[in-house]
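# Chain and residue survey
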Amino acid sequence: MLKVGITGGIGSGKTTVCKLFEALGVAVYYADDRAKFLMQHEHFLIDQLKQNFGEEIYDHGQLNRAMLAQKVFGNKEQLALLNSLVHPVVFRDTERWYQEQLTAKPPYVLKEAALLVETGAYKLLDQLIVVSAPLDVRLQRVVARDKVAAAEVTQRMNNQLAEEEKLKLADFVIENNSDLEALKIQVEKIHQALIEQAKRKHE
Ligand code: ATP
């Protein structure tokens, strides 16, 4: 089974692309969603977060994400600390998920994460897909989707590596500056290429 990563900047269309892969029967691990789940349910991680960011970030067992975000926003050290606590837990969870997928013997599975390159997690993957879109398009999409101010999105973008750095590491690039039909055509091509690659690896 090939382990394929899919990444891209905020609003590039990672989730949209993953839904198209899922429609082709591909299993996807959504690392960012899974991280949110684990911060709410993994006791070891919850204890670590409380110790480092204060008991008050959980209110009756519910993580106050806005409060945590406030504590780390614009503070690179605190953000790095948060990542250093969350990422190993997500990493272990990904490994468990890979094991589960093996029983279905898929040619490949996908791991979607915004920070695959920044965290170095891409090094553990066989192939990397980068979803690319112009900055202004990404900004407009996220503002429309999340109903937030452009400045807030720009701040989030500043915590990510520039797209060109991710593109240098890409095995496949998906250009998402047009409609869904254009996206589908690219996804189908990559799907076939990955199936071929998995076959060759198996021979
Ligand atoms: P994030 O990093 O914030 O999780 P993402 O990279 O997963 O974002 P999506 O959520 O897939 O991006 O896309 C951002 C928004 O743009 C969504 O509302 C999505 O429906 C929309 N979108 C994505 N691609 C297109 C497209 N080709 N045409 C129109 N809208 C699109």
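Residues numbered from 1 in each chain as written. Predicted model: local features only at pLDDT ≥ 70, side-chain atom pairs only at ≥ 80, totals over all residues. Heavy atoms only, no water.

## Section: the sheet that holds strand 1 (residues 2-7)
- As summarised here, the arrangement of the five strands in space is 2-5-1-6-7, forming an open sheet in which the pairing is parallel. A strand with exactly one partner marks an edge of an open sheet, and here the two such strands are strand 2 (28-30) and strand 7 (172-175). Within this sheet the neighbouring strands show an average axis-to-axis angle of 20°, counted without direction.
- Across four bridges, strand 1 lies against strand 6 (residues 127-132) in parallel orientation. Within the sheet, the bridge partner assigned to I6 lies in strand 6 and is I129. (Pairing = 2+ DSSP bridges. Helix = DSSP H or I, 4+ residues; strand = E, 2+ residues; numbered from the N terminus. Axes fitted to C-alpha atoms, helices over the stretch in contact; angles between N-to-C directions.)

## Some remarks on the site of the ligand
- With respect to spatial proximity, the complete set of residues near the ligand consists of G9, I10, G11, S12, G13, K14, T15, T16, R141, R145, N176 and S178.
- One of the backbone N or O atoms of G11 is found 3.2 Å from an oxygen atom in the ligand.
- At a separation of 2.7 Å, an oxygen atom of the ligand approaches a polar side-chain atom of K14.
- Taking 630 Å² as the accessible area of the ligand by itself, protein coverage stands at 72%.
- Breaking the shell around the ligand down by element, the ones donating at least two residues are helix 1 (14-23) and helix 6 (135-146).
- In the shell around the ligand, the residues fall into one nonpolar, eight polar and three charged. (Near = heavy atom within 4 Å. Polar contact = N/O pair within 3.5 Å; in protein donor to acceptor, adjacent residues only side chain to side chain. Areas by Shrake-Rupley, 256 points an atom, 1.4 Å probe, with all protein chains shown as cover. Nonpolar A, V, L, I, M, F, W, Y, C, P; charged D, E, K, R; others polar.)

## Comments concerning the packing of helix 6 against helix 7 (residues 150-158)
- Where helix 6 meets helix 7, the closest approach of the two axes is 9 Å, and the angle between their N-to-C directions is 120°. Compared by their axis directions, helix 6 and helix 7 come out oblique. Regarding helix 6 and helix 7, the two cross each other, and that crossing is right-handed. When helix 6 is examined against helix 7, the residues L135, R138, L139, V142, V143 and D146 are found in contact with a partner set consisting of A150, V153, T154, R156 and M157. (Parallel < 35°, antiparallel > 145°, perpendicular 65-115°, else oblique. Left-handed = near helix turned anticlockwise from the far one by under 90°. Contact = heavy atoms within 4.5 Å.)

## With respect to unusual backbone geometry
- At H60, a residue that is not glycine, the phi angle is positive and equals roughly 50°.
- When you line up the elements, H60 lands in the loop between strand 3 (58-59) and strand 4 (62-63).
- Take H60: its relative accessible area is 82%, and that puts it in the exposed class.
- Notably, K147 is not glycine yet its phi reads approximately 55°, a positive angle. (Buried < 20%, exposed > 50% of the residue type's maximum accessible area, 1.4 Å probe, protein only.)

## Regarding the nonpolar core
- Judged by nonpolar contacts, the single largest core of 29 residues is most densely connected at M39, L45, L49, F53 and L82.
- Contributing elements (two or more residues each) for this core: helix 2 (31-41), helix 3 (43-53), helix 4 (65-72), helix 5 (76-102) and strand 6.
- Of all the elements, helix 5 adds the most residues to this core, at seven residues.
- Structurally, this core is a two-domain feature, drawing no fewer than three residues from each of domain 1 (1-27 + 108-203) and domain 2 (30-103).
- In contact with L49, not counting residues within four places along its chain, are M39, G54, I57, Y58, L82 and L85.
- In terms of nonpolar packing, the next biggest core, distinct from the first, is built from 21 residues, L2, I6, Y108 and V131 among them. (Core = buried A, V, L, I, M, F, W, Y, C linked by side-chain atoms within 4.5 Å. Domains from an automatic or database assignment.)

## Some remarks on the domain arrangement of the protein
- When cut into domains, the protein gives domain 1 (1-27 + 108-203) and domain 2 (30-103).
- Centre-to-centre, using C-alpha coordinates, domain 1 lies 22 Å away from domain 2.
- Summed over both partners, the interface of domain 1 with domain 2 comes to about 1,500 Å²; 64% of that surface belongs to carbon and sulfur atoms.
- Sorting the residues of domain 1 by area buried against domain 2 places M1, K111 and E112 first, and these three jointly supply 31% of that buried surface.
- The interface formed by domain 1 and domain 2 holds four residue pairs in polar contact (both at pLDDT 80 or more) in total.
- If you list the elements that add at least two residues to the side of domain 1 that touches domain 2, you get helix 1, strand 5 (108-112) and helix 7.
- Looking at the side of domain 1 that touches domain 2 residue by residue, the class counts come to nine nonpolar, four polar and six charged. (Buried area = accessible area lost by both parts, 1.4 Å probe.)

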